[in-house]
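The lines below spell out each chain.
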Amino acid sequence: MAKNIVEFRNLKTYFYTEEGVVKAVNDVSFSIREGETVCVVGESGCGKSVTALSLMRLIQSPPGKIEGGEIIFDGRDVLKLSEAEMRKIRGNEIGMIFQEPMTSLNPVLTIGEQLMEPLMVHKFMSKKEAWNKAIELIKQVGIPRAEQIMTSYPHELSGGMRQRIMIAIALSCDPKLLIADEPTTALDVTIQAQILDLLRKIKQERNMALMLITHDLGIVAEMADYVVVMYAGKVIEEAPVRELFKNPKHPYTRGLLKAKPIIGKRQDKLYTIPGQVPNPIGLGNYCYFSDRCEYAMDICRQKIPQLTADENGHKVACWLYEGEWKK
Amino acid sequence: MSEPLIEVKNLKKYFPIRGGVLQRTIGYVKAVDGVTFTINKGETLSLVGESGCGKSTVGRTIIRLYDKTDGEVFYKSIPIHSLKKSELRKLRPKIQLVFQDPFSSLNPRLRVGDAIGEALLDHGLISKNELRDKVIETLEICGLAPYHIDRYPHEFSGGQRQRIGIARALILDPEFIVLDEPVSSLDVSIQAQIINLLMDLQQQKGLTYLFISHDLSVVEHISTRVAVMYLGSIVEMAARDELFDHPLHPYTQALLSAVPIPDPDLKRERIILEGDIPSPANPPKGCKFHTRCPIAKDICREQIPEYKDVGGGHFVACHLV
Ligand SMILES: Nc1ncnc2c1ncn2[C@@H]1O[C@H](COP(=O)(O)OP(=O)(O)OP(=O)(O)O)[C@@H](O)[C@H]1O
Ligand SMILES: Nc1ncnc2c1ncn2[C@@H]1O[C@H](COP(=O)(O)OP(=O)(O)OP(=O)(O)O)[C@@H](O)[C@H]1O
Ligand code: SF4
Ligand code: SF4
Ligand SMILES: [Mg+2]
Ligand SMILES: [Mg+2]
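Think of each chain on its own: its residues are numbered from 1, step by step along the sequence as written. Each chain takes a letter, starting from A, and each ligand takes a number, starting from 1, following the order in which they are written. Only residues with pLDDT of at least 70 are given local features in this predicted model, and only at 80 or more are side-chain atom pairs given and counted; all residues enter the totals for whole chains, interfaces and linings. Processing note: side-chain calculations cover all non-hydrogen atoms of the structure and skip hydrogens and water entirely.

### A closer look at the overall build of chain A
1) Next: Numbering of helices and strands starts at the N terminus; helices are DSSP runs of H or I of at least 4 residues and strands are runs of E of at least 2. Counting its regular elements, chain A contains 12 helices and 12 strands.
2) Next: Radius of gyration: C-alpha atoms only; globule rule: 2.2 Å multiplied by the number of residues to the exponent 0.38. Against the globule reference of 20 Å for 327 residues, chain A gives a C-alpha radius of gyration of 21 Å, in line with a compact fold.
3) Next: The C-alpha extent of chain A, read off along each of the three principal axes, is 65 × 50 × 45 Å.
4) Next: Whether two residues are in contact is decided by their heavy atoms: any pair within 4.5 Å suffices. Expressed as a percentage of contacts within chain A between residues at least 6 apart in sequence, the contacts between residues at least 24 apart total 63%.
5) Next: Roughly 14600 Å² of accessible area belongs to chain A as shown, and the carbon and sulfur atoms make up 51% of that amount.
6) Next: We treat Lys and Arg as the positive residues and Asp and Glu as the negative residues; His and chain ends play no part in the count. A charge is said to be at NZ when it belongs to Lys, at CZ for Arg, at CG for Asp and at CD for Glu. The averaged location of the 41 negative side-chain charges in chain A is 2 Å from the averaged location of its 42 positive side-chain charges. Here the accessible surface of atoms and residues is derived via Shrake-Rupley with a 1.4 Å probe, and residues count as covered only by protein chains that are part of the display.

Below you can see the structure in the form of structure tokens.
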């Protein structure tokens, strides 16, 4: 089995706000193997982006702070590296596509300049070499007229093209891991299909690991090898993709799968999960899903369930499965 | 039999493009370029299509938030765009709009109760001392609690804000509501709550909806009929089951095949369209889809395909159908 490229171990990332402490990432552990696609899913605000940004050490401080845990990337704990060492990893060994495509390209630099910079900084290429490599990358992400694109500015490109350029930049230094945070949320379905196709193709060619953050279960089913489900700052379930869709265990995961209308499967009424996600400030010692859960028991309101694996390695944090663990 | 509540006839809405030092009109964005359809009483007609294809513009022009460029819209045979402003104002409560994010349209300093009741008072449809009860009743119908009435917009979650947006329209006792991406910004677990609410309200009150969305799985769930738009025109329209089971237009087929389905074992033949959506300021000649159509022929580049009924109210505009 391939070895882990990244391991989150008990990561805690908090934000200190006026209203109180937001435990955005609250004791999160999971790993991604070399060449594997791991999808991180969950509702808005559950901590997906903060998990990724912690790995990149891009948490804005204040108000944010990584309060505990380790993130082992390729054998090193990135939380212990100096900023200079971190810069060698960022955009080089780890590529990242950010959630807001509009804000992540520099509007005053040409596409060519933005593609060539990391190549010259990290790979010590000459201007000529970087230019040629940039052209190659633009072609690889499926944009015609590469030379013309090199001298264009971001606003001259469509949303889909900008997202392809973001992918090209993230791939430029042959990263071992690509983090893609909602890479297609802002795009139309036909353009989304193009981008997902591209990501799949590139991943195969390069044997690169992919951490794909999304809230779309359709995308998860299509792209993931392994799925991590988060809720209110915690991982509440994780499993290989088939296992998760066939045999979801956590009431929240099950609810999510039932609540989504599916094309081709008409039903009269949608299943709904009542209520809404809890206020992230001041959560106590109980299952954070308990006020929305139809199976909630007394213990659920008294103790946080821990993430525990069954014999197949399917992990869930829910008191319903306590009996199973004891067996 | 179903009777038409809204009839849209060859509706056009062009936005001027200005340029040069004098800011003269140098062209037009043909956002809506001649659409024709009816919406029957009590049904949900959905408009789908990619960003910029003109869905919101259709919705807004139908209820005359935008003046038309050409064509007409009839509400119970009343020509909406020919009404005097005072006549239109009387009609307003009956034809309502719910936005994607009602938060941006809510005044942050106005209590939610006042925001919901505002229009009722404006239209003189209620007296001040009856208002509070009416607002509370509407809040409850929309799944909110009476104590929410004195809260401010920022104290609500996305799903609750959408309920406020619906309450604001509903309190006027409308017959027709344009729902412009009402669940697009919400999480799956909250989306389902709002969709069920909309469908329940429709049943109880016999409401008629124009439902605008780019999410085809939601559209399949909620619609009676579906119209697919591309660059300002409707390219296909049919009853829900007919459209999803037998899509005829190559664009509809590509759109449907592009939707990711939450089943990892399902392997589908996917039609990946090449290229980007052309600008509506300068749409391709002939069939506007020919630049991306996988089966385009010579005729498609020259002649505009006729929009015709191929049987049983299934309309399609394609030379090869
Ligand atoms: N700079 C910040 N200051 C204060 N709180 C923050 C900050 N950044 C994130 N948070 C909080 O941390 C939590 C997790 O946020 P995060 O961005 O990781 O969510 P997410 O899962 O990526 O959601 P989405 O799907 O909306 O992108 C949220 O409660 C958010 O409000
Ligand atoms: N007020 C306006 N002034 C000028 N152009 C406009 C205006 N409103 C819309 N447009 C243009 O008209 C076209 C159709 O826009 P519209 O908002 O109707 O699209 P849409 O289908 O609702 O897209 P989306 O899915 O992104 O909401 C676009 O090219 C848009 O830029
Ligand atoms: S621990 Fe209890 S409340 Fe939480 S998901 Fe499981 S059954 Fe529901
Ligand atoms: S008319 Fe031609 S280009 Fe247009 S959709 Fe039909 S086959 Fe394609
Ligand atoms: Mg995020
Ligand atoms: Mg719109």
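### So, a negative patch on the surface
1) Next: Only residues whose relative accessible area exceeds 30% and that form no salt bridge are eligible for patches; like-charged ones are grouped when within 9 Å, while nonpolar side chains (Val, Leu, Ile, Met, Phe, Trp, Tyr) are grouped when within 5 Å. Should a side-chain nitrogen of Lys or Arg be within 4 Å of a carboxyl oxygen of Asp or Glu, the pair is scored as a salt bridge. Together, Glu130, Asp133, Glu137 and Glu140 of chain B make up a negatively charged patch on the protein surface.
2) Next: Any residue under 20% of the maximum accessible area for its type is buried, any over 50% is exposed, and the rest in between are partly exposed; the area is computed with a 1.4 Å probe on protein chains only. Look at glutamate 137 of chain B and you get partly exposed, because its relative accessible area is 43%.

### Some points on the site of ligand 4
1) Next: The criterion for a residue being near a molecule or strand is simple. One of its heavy atoms has to lie within 4 Å of it. Taken together, 13 residues surround ligand 4, and among them Cys287, Cys293, Cys300, Cys318 and His319 of chain B come closest.
2) Next: A breakdown of the residues in the shell around ligand 4 according to their chemical character gives 10 nonpolar, three polar and no charged. Under the grouping applied here, Gly and all other residues not named as nonpolar or charged are polar, the nonpolar ones being Ala, Val, Leu, Ile, Met, Phe, Trp, Tyr, Cys and Pro and the charged ones Asp, Glu, Lys and Arg.

### Let's talk about the interface of chain A and chain B
1) Next: On the side of chain B, 42 residues touch chain A, which itself brings 43 residues to the contact.
2) Next: The term buried area means the drop in 1.4 Å probe accessible area that two parts suffer when joined, counted for both and summed. Summed over both partners, the interface of chain A with chain B comes to about 3600 Å²; 56% of that surface belongs to carbon and sulfur atoms.
3) Next: For the chain A face of the interface with chain B, the top three residues by lost area are Thr190, Ile263 and Arg266 of chain A, together amounting to 20%.
4) Next: The interface formed by chain A and chain B contains seven salt bridges.
5) Next: Pairing of N or O atoms within 3.5 Å defines a polar contact, subject to two protein rules: one partner must be a possible hydrogen donor and the other a possible acceptor, and residues neighboring in sequence count only if both atoms are side-chain atoms. Where chain A touches chain B, the interface holds 19 residue pairs in polar contact (both at pLDDT 80 or more).
6) Next: Those elements that place two or more of their residues in the side of chain A that touches chain B are α8 (189–206), α9 (217–223), α10 (241–246) and α11 (251–259) of chain A.
7) Next: Counting residues per element, the side of chain A that touches chain B draws most heavily on α8 of chain A, at seven residues.
8) Next: Broken down by class, the residue content of the side of chain A that touches chain B amounts to 18 nonpolar, 12 polar and 13 charged.

### Here's the deal with the site of ligand 1
All names here are of chain A.
1) Next: By nearness alone, 17 residues border ligand 1, and Ser44, Gly45, Lys48, Ser49 and Val50 come closest of all.
2) Next: Here an oxygen atom of ligand 1 sits 3.3 Å away from a polar atom, N or O, in the main chain of cysteine 46.
3) Next: The fraction of the free accessible surface of ligand 1 (630 Å²) that becomes covered by protein chains is 70%.
4) Next: Going through the elements one at a time, β1 (4–17), β2 (20–33) and α1 (48–55) are the ones with two or more residues in the shell around ligand 1.
5) Next: With three residues, α1 is the largest single contributor of residues to the shell around ligand 1.
6) Next: Split into classes, the residues belonging to the shell around ligand 1 amount to seven nonpolar, seven polar and three charged.

### Examining the layout of surface pockets
Residues and elements named next belong to chain A.
1) Next: Cavity: a set of points on a 1 Å grid over the protein atoms alone where a 1.4 Å probe fits but cannot get out. Pocket: an open set with protein on both sides within 12 Å along at least five of seven lines, its lining residues, like those of a cavity, having an atom within 4 Å of a point. Grid points are joined across faces, edges and corners, and a volume is the space filled by probe spheres set on the points. By volume, the second largest pocket amounts to about 610 Å³.
2) Next: Forming the boundary of the second largest pocket are 22 residues, of which Gly91, Gln114, Glu117, Pro118 and Ile169 lie nearest the centre.
3) Next: Among the secondary structure elements, those contributing two or more residues to the lining of the second largest pocket are β6 (94–97), α4 (111–122) and α7 (159–171).
4) Next: Residue contributions to the lining of the second largest pocket peak at six residues, all from α4.
5) Next: Taken together, the residues of the lining of the second largest pocket sort by class into 11 nonpolar, seven polar and four charged.

### So, the side chain of glutamate 238 of chain A
1) Next: Within the secondary structure, glutamate 238 of chain A is located in strand β10 (residues 234–240).
2) Next: Contact partners of glutamate 238 of chain A, with chain neighbours within four places excluded, come to Ser29, Phe30, Tyr226, Val227, Val228, Leu307, Gly313, His314 and Lys315 of chain A.

Any link to function would need more than the numbers given here.
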